[in-house]
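Observations on the three-dimensional arrangement
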Amino acid sequence: MTEKMEEKDKCGDGEFWKQKIKKHWKIFAASIIGGAIAIAVSLLVLFWFIDTSTIGAMGSATIGEWTLAWIWEFFIFLILWELLIVGIPVAIIFGVGWYLWWKRLSAEEKVEFKGRWRGKGTAEGGGFSFGMFIAYSIYMYINGDFYTPFGDFAYSYWVYAWFHTLAWLIVIIGIPVAIILTIVYFAVWRKKETEQKII
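Sequence positions are assigned chain by chain, starting from 1 and proceeding in written order. Totals for whole chains, interfaces and linings use every residue, but because this is a predicted model, local features are given only for residues with pLDDT of at least 70 and side-chain atom pairs only at 80 or more, for both listing and counting. Hydrogen atoms and water are omitted, and side-chain values are computed over all heavy atoms in the structure.

**Examining unusual backbone geometry**
Our working definition: A helix here means a DSSP run of H or I that spans at least four residues, while a strand means a run of E at least two residues long, and both kinds are numbered starting from the N terminus.
Located in the positive-phi region is A57, a residue other than glycine, with phi close to 55°. In this structure, A57 sits in the loop between α3 (25-52) and α4 (68-104). With a phi angle near 55°, M58 is a residue other than glycine that sits in the positive phi range. You can see M58 is positioned in the loop between α3 and α4.

**Some details on the environment of E73**
We apply this condition: Remark: exposure states derive from per-residue accessible area (1.4 Å probe, protein chains only) relative to the maximum for the residue type, with buried under 20%, exposed over 50%, and partly exposed in between.
Among the structural elements, E73 can be located in helix α4. A relative accessible area of 33% means that E73 is categorised as partly exposed. Distance in space between the C-alpha atoms of E73 and I55 is 7.3 Å, their sequence separation being 18 residues.

**With respect to the side chain of T67**
Inclusion rule: Note on definitions: a residue-residue contact is assigned when non-hydrogen atoms from the two residues lie within 4.5 Å.
In this structure, T67 sits in the loop between α3 and α4. If near-sequence neighbours (up to four positions away) are discounted, T67 is found in contact with F146, Y147, T148, P149 and F150.

**Let's talk about the nonpolar core**
For the record, the criterion: What we call a nonpolar core is a set of buried Ala, Val, Leu, Ile, Met, Phe, Trp, Tyr and Cys residues that are connected through their side-chain atoms within 4.5 Å.
The biggest cluster of nonpolar side chains holds 15 residues, and the ones touching the most others in it are W66, L68, F74, Y136 and M140. Elements with a minimum of two residues in this core: α4, α6 (127-143) and α7 (155-198). With 5 residues, α4 is the largest single contributor of residues to this core. One finds I27, W101, L105 and F113 within the second-largest nonpolar core, a separate group that totals 6 residues.

**A word on the confidence of the model for the protein chain**
Just so we agree on the cut-off: You can read pLDDT as the predictor saying how much it trusts each residue, on a scale of 0 to 100.
Looking at the protein chain, pLDDT values average 83 and 82% of them are 70 or higher. For the protein chain, per-element mean pLDDT is lowest for helix α1 (residues 2-10), which scores 48, and highest for α4, which scores 93. Segment residues 1-8: pLDDT under 50, and 7 contacts once partners within four positions in sequence are set aside and those in other chains are kept.

**Quick word on the packing of α4 against α6**
As a reminder, the rule being used: Working convention: axes come from line fits to C-alpha atoms, limited for helices to the stretch in contact. Angles between N-to-C directions cover 0 to 180 degrees. Oblique is the label for every angle not falling under 35 degrees (roughly parallel), over 145 degrees (roughly antiparallel), or within 65 to 115 degrees (roughly perpendicular). Should the near helix be turned anticlockwise from the far one by less than a right angle, the crossing is termed left-handed; should it be turned clockwise, right-handed.
Where α4 contacts α6, the two axes come as close as 10 Å, and the packing angle between them is 135°. The orientation of α4 with respect to α6, classified from their angle, is oblique. In the packing of α4 onto α6, the handedness of the crossing is left-handed. For the pair formed by α4 and α6, the contact residues are L68, I71 and W72 on the first element and F130, F133, I134, Y136, S137 and M140 on the second.

**Details of the packing of aromatic side chains**
The cut-off we apply is this: Put simply, two rings from Phe, Tyr or Trp (the six-membered ring, in Trp's case) pair if the centres are within 6.5 Å, and we call them stacked under 30 degrees between planes, edge-to-face over 60, tilted for the rest.
Counted under the stated rule, the structure contains 17 aromatic pairs. Ring plane angle 75° and centroid distance 5.8 Å describe the contact between W66 and F74, whose orientation is recorded as edge-to-face. Each member of the pair, W66 as well as F74, is classed as buried. Each residue in the set F49, W66, W70, F74 and F75 is aromatic and connected to the rest through ring pairs, giving one cluster.

Right under this line is the structure:
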């Protein structure tokens, strides 16, 4: 059994998943169909929300009439509706389905799957952009323009406000970080270097 597992470990990820899809084609096919249905329903929820929500005037508002407050309200309520109608039911169905399938797997296959999944990192995209948008919204709220329609000012005003937000972030976060790193350098790293030289 050990030799067999070693041979399987040698095959690439592509070949491994081809073999597993052929063997467990029913669960993979059901997952693809279920995912397609979930995407279709989520799009219908989006279109329904656009046409019925007072945020955005039921789809009739122009870009110039939108505000940062509207953007936040739109996405918060959209996410809540998507979770209620699509996310929670899909999570329950997929969770129960995959759990029942996982229980039926042999111990050897479970080890194989865990070996393939172990060490696979998750994507880290969009974290800074979302954080920057939160900071931008806070800056505009403090500035008194959180509820101001975009069309009331030239686009350059909103662009320059983004750079002002970035500058404040550098001041508020960058300076304390620089001070902390300086203290750590002289208190810890420099001390270690001196001790190593003495030794």
